[in-house]
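Secondary and tertiary structure notes
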Amino acid sequence: MSPLARVSEAYGVRFAEFAFEPAFTAAVDQHVSEIRDRLEVTGAALEPPAPDAGLLADYALGFLDALDETGWREPVGHDYAVCRLTAISWLVRRHGLLGEGPYAAY
């Protein structure tokens, strides 16, 4: 399973928490912004462009590897890693990076 599919499957379910966890929603929004900055996804348009699926997949894989190396386990609440992984999942869903088209392989 690709890193993007793996993260999306595991953390896409957390989107339901946005309705009753405004602090979590705000934290994920900040993580989305930081990921966009890290991947240099910028533009003058009102709506930011989609991140490159390959770069996002590489980033997700590196992040997952780092979590594995530290022995991280998903907590009940929302730590930094949960927010970051949910943000990756949000970017994947928002931009359809797993659907039909050129990004389907990632």
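Quick caveat, the model's predicted, so the values are computed rather than measured.

As a further point, take the packing of aromatic side chains. Aromatic ring pairs are described here by two measures, namely the spacing of the ring centres and the angle between the planes. Within the structure shown, the criterion is met by 4 aromatic pairs. Measuring from centroid to centroid gives 6.4 Å for Phe 63 and Tyr 80, while their planes differ by 45 degrees, and the two rings are tilted. A residue pair is termed long-range when its members are at least 10 positions apart, and Phe 63 in helix H3 (residues 53-70) and Tyr 80 in helix H4 (residues 80-94) qualify at 17 residues. With relative accessibility at 14%, the residue Phe 63 sits in the buried group. One aromatic cluster is present, formed by Phe 15, Phe 18 and Phe 24 through successive ring pairs.

Two numbers describe how helix H1 (residues 3-11) lies on H4: the axes approach to 8 Å, and their chain directions differ by 110 degrees. When the axis of H1 is compared with that of H4, the two are roughly perpendicular. Where H1 crosses over H4, the handedness of that crossing is left-handed. Contacts from Leu 4, Val 7, Ser 8 and Tyr 11 of H1 reach H4 at Val 82, Leu 85, Thr 86, Ile 88, Ser 89 and Val 92.

The rules we used
- Residues numbered from 1 in each chain as written.
- Predicted model: local features only at pLDDT ≥ 70, side-chain atom pairs only at ≥ 80, totals over all residues.
- Heavy atoms only, no water.
- Phe/Tyr/Trp six-rings, centres within 6.5 Å; stacked < 30°, edge-to-face > 60°.
- Helix = DSSP H or I, 4+ residues; strand = E, 2+ residues; numbered from the N terminus.
- Buried < 20%, exposed > 50% of the residue type's maximum accessible area, 1.4 Å probe, protein only.
- Axes fitted to C-alpha atoms, helices over the stretch in contact; angles between N-to-C directions.
- Parallel < 35°, antiparallel > 145°, perpendicular 65-115°, else oblique.
- Left-handed = near helix turned anticlockwise from the far one by under 90°.
- Contact = heavy atoms within 4.5 Å.

Limitation: the analysis is restricted to geometry and does not speak to function.
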